[in-house]
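Per-entry structural report
Listed below are the residues making up each chain.
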Amino acid sequence: MSAHIQWIDRLHRGEVLSAGEFAELIDRRTPELSEYLFSLARRVSRARFGNQIFTRGLIEISSFCKNNCRYCGIRRGNPNAQRYRLSEEEILCCCDMGERLGYKTFVLQGGEDAFFTDGRLIPLIQEIKRRHPDCALTLSLGERSRESYQALFDAGADRYLLRHEAADPQLYRALHPPEMEWENRVRCLYDLKEIGYQVGAGFMVGAPGQTSRHLARDLCFLAELKPQMVGIGPFVPHHDTEYRDRPAGSVELTLFLLGLIRLMLPDVLLPATTALGTVCPDGRERGVLAGANVVMPNLSPAEVRKKYSLYDNKLSTGAEDAGHWSELQARMQAIGYELTSQRGDAPGYGR
Ligand code: SAH
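Here, residues in each chain are numbered from 1, in the same order as that chain's written sequence. Residue-level local features of this predicted model are given only where pLDDT is at least 70; pairs of side-chain atoms are given and counted only at 80 or more, and the full residue set underlies all totals for whole chains, interfaces and linings. To obtain the side-chain values, all non-hydrogen atoms of the structure were used and water was disregarded.

Digging into the overall build of the protein chain
As a reminder, the rule being used: Here a strand is any run of E in DSSP of at least two residues, a helix any run of H or I of at least four, and the numbering for each starts at the N terminus. Atoms counted for the radius of gyration: C-alpha only. Globule rule: 2.2 Å times the number of residues to the power 0.38. What sets the accessible areas is the Shrake-Rupley method with a 1.4 Å probe; for residues, cover comes only from the shown protein chains.
Looking only at helices and strands, the protein chain has 14 helices and 9 strands in total. The C-alpha atoms of the protein chain give 19 Å as radius of gyration, which agrees with the globular expectation for 351 residues (20 Å, within 12%). Dimensions of the protein chain, computed from C-alpha atoms along their principal axes, come out at roughly 55 × 45 × 35 Å. Accessible surface computed for the protein chain: about 13600 Å², of which carbon and sulfur atoms make up 51%.

Some remarks on the layout of surface pockets
The cut-off we apply is this: Space inside and on the surface of the protein is sampled on a 1 Å grid over the protein atoms alone, with a cavity defined as a set of points where a 1.4 Å probe fits but cannot get out and a pocket as an open set with protein on both sides within 12 Å along at least 5 of 7 lines; lining residues have an atom within 4 Å of a point. Grid points are joined across faces, edges and corners, and a volume is the space filled by probe spheres set on the points. Residue classes follow a fixed rule: Ala, Val, Leu, Ile, Met, Phe, Trp, Tyr, Cys and Pro count as nonpolar, while Asp, Glu, Lys and Arg count as charged, and any other residue, Gly among them, counts as polar.
One number sums up the size of the largest pocket: a volume of about 310 Å³. When the residues that make up the lining of the largest pocket are grouped by side-chain class, the tally is 5 nonpolar, 10 polar and 6 charged.

Details of the sheet that holds strand β8 (residues 294–295)
Basically, it comes down to this: Only strands joined by at least two bridges in the DSSP assignment are considered to pair. In what follows, a contact means two residues having at least one pair of non-hydrogen atoms within 4.5 Å. Every angle, taken between N-to-C directions, lies between 0 and 180 degrees, and every axis is a line fitted to C-alpha atoms, over only the stretch in contact when it is a helix.
The sheet built from 3 strands is open, its strands ordered β8-β1-β9 with parallel pairing. At either margin of the open sheet sits one strand with a lone partner, and together these are β8 and β9 (338–340). Sheet topology places strand β1 (residues 52–55) next to β8; 2 bridges connect them, and they run parallel. Bridged to F54 within β8 is V294. With respect to the sheet, helix α14 (residues 325–334) is in contact with β1, β8 and β9, its orientation differing from that of β9 by roughly 135°.

Focus: the nonpolar core
Burial of nonpolar side chains together is a common tendency in soluble globular proteins. For the record, the criterion: Each nonpolar core is a collection of buried residues, namely Ala, Val, Leu, Ile, Met, Phe, Trp, Tyr and Cys, held together in the definition by side-chain atoms within 4.5 Å. A simple rule labels every residue: compare its accessible area, found with a 1.4 Å probe on the protein chains alone, to the largest value its type can have, and call it buried under 20%, exposed over 50%, or partly exposed in between.
Grouped together as the largest cluster of nonpolar side chains are 103 residues, with contacts concentrated most on Y197 and L257. A total of 10 residues in this core trace back to one element, the largest contributor, which is helix α10 (residues 251–264). When residues no more than four places from it in sequence are discounted, the contact partners of L257 are I26, F203, V205, L215, L219 and I232. Membership of the second largest hydrophobic core comes to 10 residues, among which are F54, L58, L161 and A346.

Some words on unusual backbone geometry
Residues other than glycine seldom take positive phi values, yet K226 does so here, at roughly 50°. By the secondary structure assignment, K226 is in the loop between α9 (212–225) and β7 (229–234). Given the relative accessible area of 49%, K226 is considered partly exposed. We note that N313 has phi near 60°; this positive angle belongs to a residue other than glycine.

Describing empty space enclosed by the protein
One way to see where empty space is left: roll a probe the size of a water molecule over the atoms. Inspection of the entire model under this criterion finds 2 cavities of 30 Å³ or more. Approximately 990 Å³ is the volume found for the largest cavity. Lining the largest cavity we find 49 residues, and of these Q109, S140, R163, E165 and L310 sit closest to its centre. Listing elements by their share of the lining of the largest cavity, those giving two or more residues are β2 (57–62), β3 (105–110), β4 (136–140), β5 (159–161), β6 (198–205), β7 and α11 (274–279). Residue composition of the lining of the largest cavity, by class: 27 nonpolar, 13 polar and 9 charged. By volume, the second largest cavity amounts to about 50 Å³. Taken together, A272, T273, T274, R284, V295, M296, P297, A319, E320 and L328 form the lining of the second largest cavity.

Things to note about the pattern of salt bridges
Basically, it comes down to this: Every case where a carboxyl oxygen of Asp or Glu lies within 4 Å of a side-chain nitrogen of Lys or Arg is listed as a salt bridge.
Tallied over the full model, the rule gives 29 salt bridges. For D113, the salt bridge identified is with R85, shortest N-O distance 2.7 Å. Taken together, the positions of D113 in the loop between β3 and α5 (118–131) and R85 in the loop between β2 and α4 (88–101) put the pair 28 residues apart, joining distant regions of the chain. Judged by relative accessible area, which is 33%, R85 ranks as partly exposed. Among the salt bridges present, the one from E127 reaches R131, with a minimum N-O distance of 2.9 Å. In this pair, E127 and R131 are both assigned in helix α5, 4 residues apart and thus about one turn of the helix distant. The buried category is assigned to E127, whose relative accessible area is 18%. Here the salt bridges share partners, and the residues they tie into one network are K129, D158, R159, R343 and D345.

As structure tokens, then:
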């Protein structure tokens, strides 16, 4: 136990642990060790961000996807998935609404939908930035060419979320069809970083076949990439996938990993994700108390929310509804935090 406390102290001092040490910490964690980790993680996050929790409005622009990720409800091979695509007008409307509600970051996320070519995205991005010059625009549209990432950045996109999903190539291959290459995923992340985006990587916790060794590699990968944002949440089974009977990832392990990531990357923008809120009613609060400092409520039009079904029972109402700012605010205040409308760029970024 005391050795493990010392490892956590080393992380807190800015040292990187080895994969073996991370794996042992994960395997041998206890409630006491977790509490110790969380108290340091909160301290680090408080020192940088005070009690402020950044807010992002999430707009799910398309459920069409050319990929076939084995865990995902909107994968190409799911004939039962309900497909939709928002029009440019609808997306602009969501952003206008979002700014009125107090959001200063819009996240456009979707399946890899061939409709959204650079030719269609560039004018859309330019128009969003023209209407909302003070707001940040985040894209989460999967793997694209370096040229495309550059063109979207030049059009005004500020940030890009692309979870690496698994730093271990073998696990990555087990979770994805053969045409999806781990090397390309990693290439995308480094391209995005070089271009100048604030970049978000991340992974699911408790994905089928994932062990503590795999998670340790994920942590080492993050230490190397040094992304500005990290999205992690529990795996949640979807009834139309081959993993329908697999157990969901553990809340408690997700929290432990959030704490480790906060110590390892003190400035990182770290959301308490929708998946965490989905598997546990007070998941977002517990995420914040483990070191998270971002929430991303849903700003999509109500009619399409059910159709963006990545996993079963995905939340999009209540405190997860971007329209219900005060409900989420009350929840954050109850634990001593405060939602903020600031853009919340990574230190050194923002234009
Ligand atoms: N097409 C985009 C957006 C993907 S959806 C991209 O490729 O980046 C956003 C995230 O949802 C994924 O990165 C994945 O980690 C997560 N996700 C997908 N299916 C899930 C499931 N069954 N349980 C939990 N998270 C899931």
